[in-house]
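# Analysis of the macromolecular model
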Amino acid sequence: MSTLEKPKRSLFGRMFGVTERAVVADADDGDVDPTGREALGQDGAGTEATSTGADDMAPADPPFVTVAAALDETSSQARLSWLQRLKAGLAKTSTVLSQGITDVFTKRKLDAGTLEDLEDLLIQADLGLETTAKITARLKADRFDKAIAPEEVRDVLISEIAKVLEPIAHPLLVKVAHRPHVILMVGVNGSGKTTTIGKLAERYRGSGYRVMLAAGDTFRAAAIDQLKIWGERTGSAVIARAVGSDAASLAFEAVTEAKTGAYDVLLIDTAGRLQNKDGLMQELEKIVRVIRKVDPDAPHNVVLTLDATTGQNALNQVDVFGKRAGVTGLIMTKLDGTARGGILVAIAARFGLPVHAIGVGEKADDLQPFDAKDFARAIAGE
Ligand SMILES: Nc1nc2c(ncn2[C@@H]2O[C@H](COP(=O)(O)OP(=O)(O)OP(=O)(O)O)[C@@H](O)[C@H]2O)c(=O)[nH]1
Ligand SMILES: [Mg+2]
């Protein structure tokens, strides 16, 4: 079948680098396992890890290829439903923007007054000063003192937002040569770390990776249980310790065990912490230091989850977590039903950090690849 010989990159594939991995190596995936097969069927959950059936669910060679093909076949349908959900999720943001643009530009030409009104609107929608300035500058240069339809303003908005977002839309690729590829999840309380780990585990397991989750939020029993449930749900091994254990020691053991057990991916959960609590941020620094003792290149990704409903404080979270924990990329959660989705544009313009994915709900499949154009259109209500 031609799709198997030269597969297209499905959205899942673009996001997680999985589809093509099953069949052929992608040129820019470097050391991504070209067959994916050596990752499969190995035992070794580690002495302390609770295996939750990861090996039972690891697909054998032929079904593994079928999984890749199935993702390609369903991708256009899946994409349509994602787009609808993204649009629905961003409806509050886009309604404010579209209505505002219509109000400002109906029966008014583009002059200093309307530009100022537009500026206020874009800033209120959390898009940030940089992008607001680019949008108004472009309109001013092209159409000053002329009549302009609200739709034309919206088109400029979409293209300028897409320009900001395109360079930062990067999938969270797992390189199985790392074995384990270590992803450390960080963020403030309730921002969606544990849920996002579950969603990622679901994707990676579905692509045949052997996945281990580390319950690094050792402060609360409920946090450990929550991760164990995600482990069961996704067929991932879970490594956990008693409540109150040292989180850095757990991270050390998790990397060691994931190495010994030849896991492909290790997702490490951490306790939520406010970025202005110095003691807690020091603990995070320690976790990173200790992981490096086992593997100097790990963590390969430090992913900051940002709650889209937070608004402007997200900028400070990126700044502080970036400096102290070496954040390498972002996942924005809760984009379903927020009026503050514009903040992602402000963050992209300010920090230029990769955005890997976006959360649009609480379920395992509510994680979407981040697509700059789709997001720009959805935010403008197109
Ligand atoms: N609507 C919606 N809810 C989400 C999303 N992601 C996470 N949640 C919900 O947000 C709440 C907090 O999510 P968690 O994953 O527990 O957040 P956390 O960062 O691990 O929280 P702490 O461990 O307490 O710091 C839960 O009720 C999740 O179901 C999302 O994309 N959309
Ligand atoms: Mg949590």
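Every chain is numbered on its own, with residues counted from 1 as its sequence reads. Each chain takes a letter, starting from A, and each ligand takes a number, starting from 1, following the order in which they are written. In keeping with the model being predicted, local features are shown solely for residues with a pLDDT of at least 70 and side-chain atom pairs are shown and tallied solely at 80 or more, while totals for entire chains, interfaces and linings include all residues.

Glancing now at the confidence of the model for the chain. Do not read the fine detail of predicted coordinates wherever pLDDT is low. You can read pLDDT as the predictor saying how much it trusts each residue, on a scale of 0 to 100. This prediction gives the chain a mean pLDDT of 82; 79% of its residues lie at or above 70. Scored below 50 in pLDDT, residues 1–15 shows 37 contacts in the model against residues more than four places distant or in partner chains. Residues are scored as being in contact if the C-beta atoms we place from backbone atoms lie within 7 Å. Counted against residues more than four places away or in other chains, residues 17–74, with its pLDDT under 50, gives 119 contacts.

This brings us to the site of ligand 1. Contact assignment follows one rule, namely that a residue is near a molecule or strand if its backbone-placed C-beta atom lies within 6 Å of it. Contacts to ligand 1 come from 20 residues, most closely from G192, T194, T195, G272 and G359. In this text, helices come from DSSP runs of H or I with a minimum length of four residues, and strands from runs of E with a minimum of two, each type numbered from the N-terminal end. Per element, the largest residue contribution to the shell around ligand 1 is 3 residues, and it comes from helix α9 (residues 193–206). Taken together, the residues of the shell around ligand 1 break down into 2 nonpolar, 12 polar and 6 charged. Residues are sorted three ways: Asp, Glu, Lys and Arg are charged, Ala, Val, Leu, Ile, Met, Phe, Trp, Tyr, Cys and Pro are nonpolar, and all the rest, Gly among them, are polar.

Helix-helix packing is described using two parameters, namely the angle between the two axes and the distance between the axes. As a rule, the C-alpha atoms of each element are fitted with a line to give its axis, helices using only the stretch in contact, and angles between N-to-C directions run from 0 to 180 degrees. For the pair helix α5 (residues 91–105) and helix α6 (residues 112–124), interaxial distance at closest approach is 10 Å and the crossing angle is 170 degrees. With respect to their mutual orientation, α5 and α6 come out roughly antiparallel. Seen from above, α5 lies across α6 with right-handed handedness. Along its contact with α5, which presents L97, G100, V104 and F105, the element α6 presents T114, D117, L118 and L121. Roughly parallel means an angle under 35 degrees; roughly antiparallel means over 145; roughly perpendicular covers 65 to 115; every other angle is labelled oblique. Here a crossing is taken to be left-handed if its near helix is turned anticlockwise relative to the far helix by less than a right angle, and right-handed if that turn runs clockwise.

So, on to helix α12 (residues 278–294). For a helix, the expected span equals 1.5 Å multiplied by the residue count minus one. The end-to-end C-alpha distance of α12, which contains 17 residues, comes to 25 Å, matching closely the 24 Å that a straight helix rising 1.5 Å per residue would cover. The complete set of buried residues in α12 reads L284, I287 and I291. End-on, the buried residues of α12 take up no more than an arc of 50 degrees, which puts them together on one face. Of the residues in α12, the exposed ones pointing more than 90 degrees away from the buried face are D278, G279, Q282 and R289. Looking at the buried side of α12, the elements it contacts are β1 (181–186), α11 (247–260) and α13 (313–325). Exposure is read from a count of other C-beta atoms within 10 Å of each residue's own; the residue is exposed at 12 or fewer, buried at 20 or more and partly exposed in between. C-beta atoms are placed from the backbone. Directions are taken from the helix axis to each C-beta atom, and the arc is the one they span.

The alternating pattern of strand β4 (residues 265–268) places V265 and L267 and L266 and I268 on opposite faces, both of which are buried. At least two DSSP bridges between two strands are needed for those strands to be called paired. The pairing of β1 with β4 spans 4 bridges and is parallel. Note on β4: the bridge partner recorded for I183 is L267.

Let's shift gears to the packing of helix α8 (residues 150–165) against helix α14 (residues 343–351). The contact between α8 and α14 brings their axes to 9 Å, and the two run at 50 degrees. When the axes of α8 and α14 are compared, the pair comes out oblique. Pair α8 / α14 crosses with left-handed handedness. Contacts from I161, V164 and L165 in α8 reach V345, A348 and A349 in α14. For the contact of α8 with α14, the residue count by class is 6 nonpolar, no polar and no charged.

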